[in-house]
Amino acid sequence: MYVLPERNLVYLAHPRTASVATKRTLGQLGPMEMYQGHHGVDPEKIPQSATIITTIRNPWDVFVSWWFKRRATQSPFYGLPLEEFIPLLVANNKQFFRGGKMFYMVPYANQILSYQHLQAHFNLALVKVGYAPRDLVVANKSTRRKKPYQAYYNTEARDWVADYFAEEIERYGFKFN
């Protein structure tokens, strides 16, 4: 969780949602405080009447992004096919999937920035708190992924994500296609 006290702005960073790029760009705006780590939230540190933003991304796209990152860094489960990788990642990373939710910090936010429209949503958030629009920095951009996320899924993996994250998929209107 990041707080920019000067403008009463809080950023809650979900993994694989351009959170590093968002955090770095916000860091260019002025002093920033971090609480509970990059992907954490501390409700007691959220200022009253703050603008609280968070980023979300299509869950199927998130997992392909994570899969490629793990393969590049040879992190745990890096050699597995996607349909085996996804349930193991979720089961072994509860800090990122709290209460069975991928976007567990959304209830604290009052403005959601969609990865699919991140630059536009980010600029709206900046203007709301009195900053001029600015380009997001580029961070962690994959050069390995050559196809759309859908091409990496078989039926088993696609359905697993759809079932496990059904509530969030419906709430935010995500589609596989």
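Report follows, based on the coordinates.

Rules behind the numbers
Residues numbered from 1 in each chain as written. Predicted model: local features only at pLDDT ≥ 70, side-chain atom pairs only at ≥ 80, totals over all residues. Heavy atoms only, no water. Pairing = 2+ DSSP bridges. Helix = DSSP H or I, 4+ residues; strand = E, 2+ residues; numbered from the N terminus. Contact = heavy atoms within 4.5 Å. Axes fitted to C-alpha atoms, helices over the stretch in contact; angles between N-to-C directions. Buried < 20%, exposed > 50% of the residue type's maximum accessible area, 1.4 Å probe, protein only. Phe/Tyr/Trp six-rings, centres within 6.5 Å; stacked < 30°, edge-to-face > 60°.

## Digging into the sheet that holds strand E2 (residues 9-12)
In sheet architecture, strand pairing relies on hydrogen bonds along the backbone and comes in two forms, parallel and antiparallel.
Part 1 of the argument: With mixed pairing, five strands are arranged side by side in an open sheet as E3-E1-E2-E4-E5. The outermost strands of the open sheet, each flanked by one partner alone, are strand E3 (33-34) and strand E5 (111-114).
Part 2 of the argument: Sheet topology places E2 next to strand E4 (residues 51-56); four bridges connect them, and they run parallel. Residue Val10 lies in a different strand from E4, and its bridge partner there is Ile52.
Part 3 of the argument: Contacts from helix H1 (residues 19-27) reach strand E1 (2-4), E2 and E4 within the one sheet, and its direction differs from that of E2 by about 160°.

## What to know about the side chain of Thr51
Part 1 of the argument: Within the secondary structure, Thr51 is located in strand E4.
Part 2 of the argument: Classification of Thr51 by relative accessible area gives buried; the value is 9%.
Part 3 of the argument: When residues no more than four places from it in sequence are discounted, the contact partners of Thr51 are Asn8, Leu9, Val10, Asn110, Gln111, Lys128 and Val129.

## Details of the packing of aromatic side chains
Part 1 of the argument: Tallied over the entire structure, the rule returns 17 aromatic pairs.
Part 2 of the argument: Residues Tyr153 and Phe176 carry aromatic rings whose centres are separated by 5.5 Å and whose planes lie at 90° to one another, so their mutual orientation is edge-to-face. With a gap of 23 residues between them, Tyr153 in the loop between helix H4 (118-128) and helix H5 (155-164) and Phe176 in the segment after helix H6 (166-172) connect regions that are remote in the sequence.
Part 3 of the argument: Residue classification places Phe176 among the buried positions, given a relative accessible area of 15%.
Part 4 of the argument: Taken together, a centroid distance of 4.8 Å and an interplanar angle of 70° make the contact between Tyr164 and Phe165 edge-to-face.
Part 5 of the argument: Of the residues examined, Tyr164 reaches a relative accessible area of 34% and is grouped as partly exposed.
Part 6 of the argument: Of the aromatic side chains, those joined through ring pairs into one cluster are Phe63, Trp66, Phe96, Phe97, Trp160, Tyr164 and Phe165.

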